[in-house]
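# Descriptive analysis of the structure
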Protein chains: 2
Amino acid sequence: MGETTLAVEFSDIEAAAERIAGLVHRTPVLTSSRLNEHCGSDLYFKCENLQKAGAFKARGASNAVYSLAEADLAAGVATHSSGNHGAALAMAAASRGIGAHIVMPENAVGAKQEAVAAYGGSIIKCESNLPAREAMLEQVVAKTGAGVVHPYNDARVIAGQGTVMLELLEQIAELDVVVAPVGGGGLLSGLALAAKSLRPSIEVVGAEPAGADDAFRSFGLGRLIPQDNPQTIADGLRAGLGVLNFPIIQRHVDTILTVTEQSIVEAMQLQWSRLKTVTEPSGAVSFAAVLEHPERFRGRRVGVLVSGGNVDFDNLPW
Amino acid sequence: MGETTLAVEFSDIEAAAERIAGLVHRTPVLTSSRLNEHCGSDLYFKCENLQKAGAFKARGASNAVYSLAEADLAAGVATHSSGNHGAALAMAAASRGIGAHIVMPENAVGAKQEAVAAYGGSIIKCESNLPAREAMLEQVVAKTGAGVVHPYNDARVIAGQGTVMLELLEQIAELDVVVAPVGGGGLLSGLALAAKSLRPSIEVVGAEPAGADDAFRSFGLGRLIPQDNPQTIADGLRAGLGVLNFPIIQRHVDTILTVTEQSIVEAMQLQWSRLKTVTEPSGAVSFAAVLEHPERFRGRRVGVLVSGGNVDFDNLPW
């Protein structure tokens, strides 16, 4: 059986890291002795909620925007996004002085819509399902000629997201395992590729809400299962796994765990109360996996990807 | 006119810093370019919400407990506290292996009661007013012989709280002004003494809820006015200014600003959403003063004391 050629190589991630240095934050790693006791493992929370625009998405969006050729700048960029990628793309575009058209589902979190607007992105509303988002994006592109930067199914974006793992292994070299959330798979695929390239012995675990478990099922069955009517408070993880992301995840991820909505809320509350750091539901899913499956992680050094922190404080899930 | 001898000298703060090194965290300083733009100044948030037990109180309590003579250890320590000092004292006592009796008002924030219990402190409930707290503490001391560590009216506690300013000036040397909340005055008095000793040109500003403004009025009138029926969501700042704290504040604080409840909520929300850091109402009062009086701080380098982050997430003030 021959190996599929993957959309991204490790050298793309290294190039992305160089390209976006200075454009994004080097985010801190937080620890808590009380949470370590609670879980029986050594937890290293990589806080991408403290990233620019409040999520890891700044990495992929910046890498994509700063990869554009001069000739492509005038038409700007476009995407569809439930919010964090949209805000990140608007921010990166503003930083490079070009326009950004962001198609957002009408039920997107208010804080995320505000963030897109604050960075000067132009918001186009649509219905909250993938076909509607894609159709609207096609219209926008037909009208503007903007270059599409897909939130996850894009090699530049995957390479950008992977840079978070270079950083984490520089900060905490001896990790036994790393847990990251999976929605469309941009973060998990880039992170897994970087993790296994730098530290082959590391275990890479994806974490997914049980109510939006297409990645879990696709991974188990070995073929891409479409996302169907996702039901989860983790609004950033409702997307279906991308065709570029899936083969990378198959190659480099060891397992995918699902988590209940209750675990997500518990993880958020513990991160807010013990780490004093604001995580959004999607940002708490990897910690939820540790809480729900503590025996898998007992006694090990665990990197826990906190993917974002953009929340409507008037509409908390408890 | 002779100068009053103050209860604490700068050398006491230096000694406290040495005594509690390793017992408390060196807390980070957070910044946000968006909040700087919002306020027109350079803000340096000193995050004591990330301190052990979630508040600066760990400093004073640790200094007091580790100042005890061997002969006084057996009877343990006691205090009355709306929560953060109680949790900090319980933690410091546990760390030195002695008992802690904590008198708490019956309406104390749940998260703060849980923290005291989690550190092994013995909680004694009382009515929510100063006479009731003091009477109950007297009973406890009569029964146990425990050494009282007052939450603010205690030289060891004042010296301990002052250490936060040594740290902040090591982290950000060129501050023009520092803003800290004032309730009983333990933090503000220690911090002001340290600030003026190390950097005489710095301006020291106290920030107080308008609904609990005894420090503001005492400072203006030049005599100690008792706190009467405080009304504020900042539960940590309902105490009346202490007799040991007031003369230090008179000597070393430049001004006290009051803030509305609305500003406190706005400050909390901006810290949660922009800094992604969980602050309690009292912990947001110094930033509220900057938000309410931006012209006083414009163009200056401002240290903003974030005093604590212990919040009931089921009972947020919005």
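Residues numbered from 1 in each chain as written. Chains lettered and ligands numbered in written order. Predicted model: local features only at pLDDT ≥ 70, side-chain atom pairs only at ≥ 80, totals over all residues. Heavy atoms only, no water.

## Looking at the interface of chain A and chain B
Contact with chain A, which involves 19 residues of that partner, is made by 19 residues of chain B. Counting each side, the surface lost to burial between chain A and chain B is near 1,500 Å², with a carbon and sulfur contribution of 61%. Counting residues per element, the side of chain A that touches chain B draws most heavily on helix H11 (residues 261-274) of chain A, which supplies three residues. Within the side of chain A that touches chain B, the residues separate by chemical class into nine nonpolar, seven polar and three charged. (Contact = heavy atoms within 4.5 Å. Buried area = accessible area lost by both parts, 1.4 Å probe. Helix = DSSP H or I, 4+ residues; strand = E, 2+ residues; numbered from the N terminus. Nonpolar A, V, L, I, M, F, W, Y, C, P; charged D, E, K, R; others polar.)

## Details of helix H12 (residues 285-292) of chain B
Helical geometry: 3.6 residues make up each α-helical turn, so side chains three or four residues apart lie on a common side. Counting buried residues along H12(B), seven of its eight residues qualify, which places the element largely inside the surrounding structure. When we look at burial in H12(B), the residues that qualify are B:Val285, B:Ser286, B:Phe287, B:Ala288, B:Ala289, B:Val290 and B:Leu291. (Buried < 20%, exposed > 50% of the residue type's maximum accessible area, 1.4 Å probe, protein only.)

## With respect to the environment of A:Gly145
Residue and element names in this part refer to chain A. For Gly145, the position within the fold is in the loop between helix H6 (130-144) and strand S6 (147-148). Since its relative accessible area comes to 47%, Gly145 is described here as partly exposed. When the C-alpha atoms of Gly145 and Leu68 are compared, they prove to be 14 Å apart, with 77 residues separating the residues in sequence. Not counting the four nearest positions on each side in its chain, Gly145 is found in contact with Ala75 and Val140.

## So, the packing of helix H4 (residues 84-96) of chain B against helix H5 (residues 110-118) of chain B
Residue and element names in this part refer to chain B. Two numbers describe how H4 lies on H5: the axes approach to 8 Å, and their chain directions differ by 15°. Put simply, H4 runs roughly parallel to H5. For the crossing formed where H4 meets H5, the hand is left-handed. Taken together, the residues of H5 that come into contact with H4 (itself represented by Asn84, Gly86, Ala87 and Ala90) are Lys112, Ala115 and Val116. A breakdown of the residues in the contact of H4 with H5 according to their chemical character gives four nonpolar, two polar and one charged. (Axes fitted to C-alpha atoms, helices over the stretch in contact; angles between N-to-C directions. Parallel < 35°, antiparallel > 145°, perpendicular 65-115°, else oblique. Left-handed = near helix turned anticlockwise from the far one by under 90°.)

## Brief notes about the domain arrangement of chain A
Reports of interface size often rely on the accessible area that becomes lost once the parts have come together. Residue and element names in this part refer to chain A. Split into domains, chain A comes out as domain 1 (10-55 + 154-306) and domain 2 (58-148). One C-alpha centre belongs to domain 1, the other to domain 2, and the line joining them spans 23 Å. Across the contact, 25 residues belong to domain 1 and 18 residues belong to domain 2. A buried area of about 1,700 Å², summed over both sides, lies between domain 1 and domain 2, and 53% of it is on carbon and sulfur atoms. Connecting domain 1 to domain 2 are four salt bridges. For the salt bridge of Glu167 with Arg59, the shortest nitrogen-to-oxygen distance reads 3.1 Å. Linking domain 1 with domain 2 are twelve residue pairs in polar contact (both at pLDDT 80 or more). Partitioning the side of domain 1 that touches domain 2 into residue classes produces nine nonpolar, seven polar and nine charged. (Domains from an automatic or database assignment. Salt bridge = Lys/Arg side-chain N within 4 Å of Asp/Glu carboxyl O. Polar contact = N/O pair within 3.5 Å; in protein donor to acceptor, adjacent residues only side chain to side chain.)

## Some points on the pattern of salt bridges
Residue and element names in this part refer to chain A. Inspection of every chain in the model, using the stated rule, returns 26 salt bridges over all chains. Where Asp176 meets Arg301, a salt bridge forms, and the shortest distance between an N and an O atom there is 3.0 Å. Of this pair, Asp176 sits in the loop between helix H7 (155-171) and strand S7 (177-181) while Arg301 sits in strand S10 (residues 301-306), and the two are 125 residues apart along the sequence. The exposure class of Arg301 is partly exposed, given its relative accessible area of 31%. Here Arg296 ties to Glu203 by a salt bridge, and the two come within 2.7 Å at their closest N and O atoms. A residue pair is termed long-range when its members are at least 10 positions apart, and Arg296 in helix H13 (residues 294-297) and Glu203 in strand S8 (residues 203-209) qualify at 93 residues. Here the salt bridges share partners, and the residues they tie into one network are Lys46, Glu48, Arg59 and Glu167.

## Re the sheet that holds strand S3 (residues 77-80) of chain A
Residue and element names in this part refer to chain A. If you trace the four strands from one edge of the open sheet to the other, you get S5-S4-S3-S6, paired in parallel fashion. The open sheet has two free edges, formed respectively by strand S5 (122-126) and S6, since each of these has just one partner strand. Examined bridge by bridge, S3 and strand S4 (residues 100-105) share four bridges and lie parallel to one another. Paired with Thr79 across the bridge in S4 is Ile102. (Pairing = 2+ DSSP bridges.)

## Focus: the nonpolar core
A:Trp272, A:Phe287, B:Trp272 and B:Phe287 are the most contacted members of the largest nonpolar core, which totals 68 residues. Setting aside its immediate chain neighbours within four residues, B:Phe287 contacts B:Leu35, B:Cys39, B:Leu43, B:Phe45, B:Ala267, B:Leu270, B:Gln271 and B:Val304. (Core = buried A, V, L, I, M, F, W, Y, C linked by side-chain atoms within 4.5 Å.)

## Describing the relation of the copies chain A and chain B
Note: a rotation about an axis with an accompanying shift along it relates these two copies of the chain. The two copies are related by a screw motion: chain A maps onto chain B through a turn of 180° and a shift of 0.0 Å along the axis, at an RMSD of 0.0 Å. The transformation relating the two chain copies, once decomposed into turn and shift, fits a two-fold axis. Closest approach to the rotation axis within chain A is made by the C-alpha atom of A:Thr277, at a distance of 2.4 Å. The overlap is high: 100% of the interface residues of chain A also sit at the interface in chain B, so the same surface is used on both sides. (Least-squares fit on C-alpha atoms with pLDDT ≥ 70 in both.)

## Some details on the pairing of strand S3 (residues 77-80) of chain B
Residues and elements named next belong to chain B. Judged by which residues are buried, S3 turns out to be covered on both faces: Val77 and Thr79 on one side and Ala78 and His80 on the other are all buried. Assessed by its sense of winding, the connection that carries the chain from S3 through H4 to strand S4 (residues 100-105) is right-handed. Summarising the sheet, S3 and strand S6 (residues 147-148) pair through two bridges and their orientation is parallel. Within the sheet, the bridge partner assigned to Ala78 lies in S6 and is Val148. (Right-handed = clockwise from strand over helix to strand, strands pointing away.)

## A few points about the sheet that holds strand S5 (residues 122-126) of chain B
Residues and elements named next belong to chain B. The strand order across the open sheet built from four strands is S5-S4-S3-S6, with neighbouring strands paired in parallel fashion. Two strands close off the open sheet at either side, each with one partner strand: S5 and S6. Contacts from helix H6 (residues 130-144) reach S3, S4, S5 and S6, with the element oriented near 165° to S3.

## A closer look at the environment of A:Gln161
All names here are of chain A. Tracing the chain through its elements places Gln161 in helix H7. Spatially, the C-alpha atom of Gln161 lies 13 Å from that of Lys46, the residues being 115 residues apart in sequence. With residues up to four places along the chain from it excluded, the contact list for Gln161 reads Phe56, Lys57, Arg59, Gly60, Pro151, Gly186 and Leu187.

## A look at the environment of B:Glu208
Residues and elements named next belong to chain B. Mapping Glu208 onto the fold places it in strand S8 (residues 203-209). Overall, Glu208 belongs to the buried group, its relative accessible area being 0%. It is 19 Å that separates the C-alpha atoms of Glu208 and Met165, two residues lying 43 residues apart in sequence.

## What to know about the packing of aromatic side chains
Two aromatic rings, taken as a pair, are described by how far apart their centres are and by the angle between their planes. Scanning the entire structure with this criterion turns up eleven aromatic pairs over all chains. Taken together, a centroid distance of 5.3 Å and an interplanar angle of 80° make the contact between A:Trp272 and A:Trp318 edge-to-face. On the criterion of sequence distance, the pair formed by A:Trp272 in helix H11 and A:Trp318 in the segment after S10 is long-range, its members being 46 residues apart. An aromatic cluster of at least three residues, connected via ring pairs, comprises A:Trp272, A:Phe313, A:Trp318, B:Trp272, B:Phe313 and B:Trp318. The cationic tip of A:Arg296 hangs over the ring face of A:Phe297; the distance from NZ or CZ to the ring centre is 5.6 Å. Across the ring face of A:Tyr119, the terminal group of B:Arg34 is positioned such that the distance to the ring centre comes to 5.2 Å. (Phe/Tyr/Trp six-rings, centres within 6.5 Å; stacked < 30°, edge-to-face > 60°. Lys NZ or Arg CZ within 6 Å of the ring centre and 35° of its normal.)

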